[in-house]
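# Working through the structure, step by step
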Amino acid sequence: LFGLPDQAPHEKVLLAADAQTGLRAILAVHSTARGPAFGGCRFWSYDNELAALNDALRLSQGMSLKNALADLPFGGGKAVIIKPQGEFDRAALFAAFGRAVQSLAGDYITAEDVGTTTADMRGMLAHTQFVSGIPRDGGAFGGDPSPKTAYGVFVSIDEGVKRVLGRSSLEGVRVAIQGLGAVGWHLAEYLHQAGAQLIVADIDAAKVERAQAQFGAQAVAIDAIIAADADVLAPCALGATLSATSVPTISAKLVAGAANNQLATAAEGDALQARGITYLPDYLVNAGGIISVAREYRGEGEEGRVMAEVGRIRERVAELLERVRSEQSTPARVADAWARSKLVKPAA
Ligand code: NAI
């Protein structure tokens, strides 16, 4: 069904429609085994409702695995709002979405994802208390999760480069970044500071030019970034970039990036391994953002503690690579089994 990587059933799926604002949204609760389902809201143009449903189901399942591996007391969920065609009132649309979130009575907690902003989240506060990712007055911790996501991806690449490529540092390591958006840009900053050489592509030419000027990055066409002559490939745009057609063209030996659902199908996990490419599963490396909004939501932690928690993604990457070696398996399979074994209520 719907091209899902497996048939794990969802607990609840709400199709929310509001004629007045033009809202059409899907709120998918995959699992509440660990706690309320937590995951961002995507605002995107879809060809049809089935495509939106497919995205919501895949993304919410990924959130269950992500939250479990990150040891968060939350289950997995995700929402997608289908971008209306023509004119629309954004504030009213998100207010209607907030009411839909509220109607689930806390089974689902929302935050930013592709296409949504901290302002959208703040606007929803009048309509639901089940929202996070909001800058707080008085300098308290919270807000845009993207820098935290980028930090988690950065430490994952750093660990992978040491363990997989056998390099002692990122100095001179060539990293191809697909997508210089909220996460990709921060990742580029971290990598540049660490001495990596950047190869970049984005459909937005202005971002590419900025990366050339600021980081001395090499620009390549968007259809050339996957096959770029690099040591590491970091997909930071949208999902399904690792497909039956793209995997045979990759020259990097390590793939680690922020984009959700990078593998088009489970088969690509095996295909990468067969080509001697180590793939660090997206939901393991990109958990920094959800760690941030989850701690914010619970009123726990401040910047330094949250960054330290995000930094522990490095230890999970190390453990994953150890398990892959001892179990003679692939990172995708090991991470999937590891995460699923944690889809139970955490000990208090
Ligand atoms: P964003 O929308 O800010 O950035 C995406 C960038 O990719 C944009 O600059 C866009 O122009 C570019 N892009 C789109 N299609 C492209 C293509 N074919 N080739 C090259 N560039 C392309 O999104 P954001 O927040 O940076 O997220 C990136 C990915 O990471 C998404 O898949 C998102 O779901 C995932 N993610 C983001 C988190 C966050 O904290 N923002 C947390 C976890 C996952």
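Residues numbered from 1 in each chain as written. Predicted model: local features only at pLDDT ≥ 70, side-chain atom pairs only at ≥ 80, totals over all residues. Heavy atoms only, no water.

## Here we look at the side chain of S60
Relative to the helices and strands, S60 resides in helix α1 (residues 49–69). Here S60 falls in the buried class, since its relative accessible area comes to 0%. (Helix = DSSP H or I, 4+ residues; strand = E, 2+ residues; numbered from the N terminus. Buried < 20%, exposed > 50% of the residue type's maximum accessible area, 1.4 Å probe, protein only.)

## Details of the domain arrangement of the protein chain
Once the domains are mapped, the protein chain shows domain 1 (12–65 + 74–134) and domain 2 (146–286 + 316–340). The C-alpha-based centres of domain 1 and domain 2 are spaced at 27 Å. Each side of the interface is counted separately: domain 1 has 10 residues, and domain 2 has nine residues. Approximately 820 Å² of surface area, both sides summed, lies buried where domain 1 meets domain 2, with 54% of it carried by carbon and sulfur atoms. If you look at where domain 1 meets domain 2, you find one residue pair in polar contact (both at pLDDT 80 or more). For the side of domain 1 that touches domain 2, the elements supplying multiple residues, two or more each, are β4 (41–44) and α1. Among the elements that make up the side of domain 1 that touches domain 2, the one with the highest residue count is α1 (five residues). Of the residues belonging to the side of domain 1 that touches domain 2, the class tally is four nonpolar, two polar and four charged. (Domains from an automatic or database assignment. Contact = heavy atoms within 4.5 Å. Buried area = accessible area lost by both parts, 1.4 Å probe. Polar contact = N/O pair within 3.5 Å; in protein donor to acceptor, adjacent residues only side chain to side chain. Nonpolar A, V, L, I, M, F, W, Y, C, P; charged D, E, K, R; others polar.)

## Re the sheet that holds strand β11 (residues 254–255)
Where strands meet in a sheet, backbone hydrogen bonds hold them as pairs that are either parallel or antiparallel. If you trace the six strands from one edge of the open sheet to the other, you get β9-β8-β7-β10-β11-β12, paired in parallel fashion. Edge positions in the sheet fall to β9 (218–219) and β12 (278–279), since each has one partner strand and no second. Pairing analysis gives two bridges linking strand β10 (residues 232–235) to β11, with the strands arranged parallel. Across the sheet, residue L233 finds its bridge partner in β11, namely V255. Helix α5 (residues 182–193) rests against β7 (174–178), β8 (197–201) and β10 of the sheet, and its axis sits at about 170° to β7. (Pairing = 2+ DSSP bridges. Axes fitted to C-alpha atoms, helices over the stretch in contact; angles between N-to-C directions.)

## Here we look at the pattern of salt bridges
Tallied over the full model, the rule gives 22 salt bridges. Across the pair R42 and D113 runs a salt bridge whose closest N-O atoms are separated by 2.7 Å. One end of the pair, R42, is in strand β4; the other, D113, is in the loop between β6 (108–109) and α3 (118–124), with 71 residues separating them in the sequence. Residues R42 and D113 agree in their burial class; the two are buried. Taking the shortest distance from any N to any O, the salt bridge between K78 and D113 comes out at 3.4 Å. A residue pair is termed long-range when its members are at least 10 positions apart, and K78 in strand β5 (residues 75–82) and D113 in the loop between β6 and α3 qualify at 35 residues. Judged on exposure class, the residue K78 and its partner D113 are both buried. (Salt bridge = Lys/Arg side-chain N within 4 Å of Asp/Glu carboxyl O.)

## A closer look at unusual backbone geometry
One non-glycine residue with positive phi stands out, namely A105, at about 55°. Relative accessible area serves as the criterion here: at 61%, A105 is assigned to the exposed category. In this structure, A240 is a non-glycine residue whose phi angle is positive, near 60°. With respect to the helices, strands and loops of the structure, A240 is situated in the loop between β10 and β11. A relative accessible area of 39% means that A240 is categorised as partly exposed.

## Regarding helix α9 (residues 288–297)
Taking burial as the measure, the 10 residues of α9 include nine buried ones, the bulk of the element. Buried residues of α9: G288, G289, I290, I291, S292, V293, A294, R295 and E296, and no others. Contact partners of the buried residues in α9: β3 (37–38), α1, α4 (146–163), α10 (303–311) and α11 (313–327).

## What about the site of the ligand?
Surveying the vicinity of the ligand reveals 24 residues, the closest of which are T149, D202, K207, A237 and N260. Within the side chain of S146, an N or O atom sits 3.3 Å from a nitrogen atom of the ligand. For the ligand, whose accessible area on its own is 830 Å², the fraction buried by protein is 82%. Looking at the shell around the ligand, the elements with two or more residues in it are α4 and α5. In terms of residue class, the shell around the ligand is made up of 12 nonpolar, seven polar and five charged. Both domains that furnish three or more residues to the shell around the ligand are identified here as domain 1 (12–65 + 74–134) and domain 2 (146–286 + 316–340). (Near = heavy atom within 4 Å. Areas by Shrake-Rupley, 256 points an atom, 1.4 Å probe, with all protein chains shown as cover.)

## Concerning the nonpolar core
Judged by nonpolar contacts, the single largest core of 82 residues is most densely connected at L27, F97, I157, I177, L187, L191 and L198. Formed jointly, this core draws a minimum of three residues from each of two domains, domain 1 (12–65 + 74–134) and domain 2 (146–286 + 316–340). Within the second largest apolar cluster, 18 residues are counted, among which are I199, I225, A252 and I277. (Core = buried A, V, L, I, M, F, W, Y, C linked by side-chain atoms within 4.5 Å.)

## Here's the deal with the packing of aromatic side chains
Using the criterion set out here, one finds eight aromatic pairs in the structure. Ring plane angle 20° and centroid distance 5.3 Å describe the contact between F154 and Y190, whose orientation is recorded as stacked. Placement of the pair is F154 in helix α4 and Y190 in helix α5, with a sequence separation of 36 residues. Accessibility expressed as a relative area gives 12% for F154, which makes it buried. Through a chain of ring-to-ring contacts, the aromatic side chains of F38, F74 and Y297 assemble into a single cluster. The ring of W185 has R210 lying over it, and the distance from NZ or CZ to the ring centre is 4.2 Å. (Phe/Tyr/Trp six-rings, centres within 6.5 Å; stacked < 30°, edge-to-face > 60°. Lys NZ or Arg CZ within 6 Å of the ring centre and 35° of its normal.)

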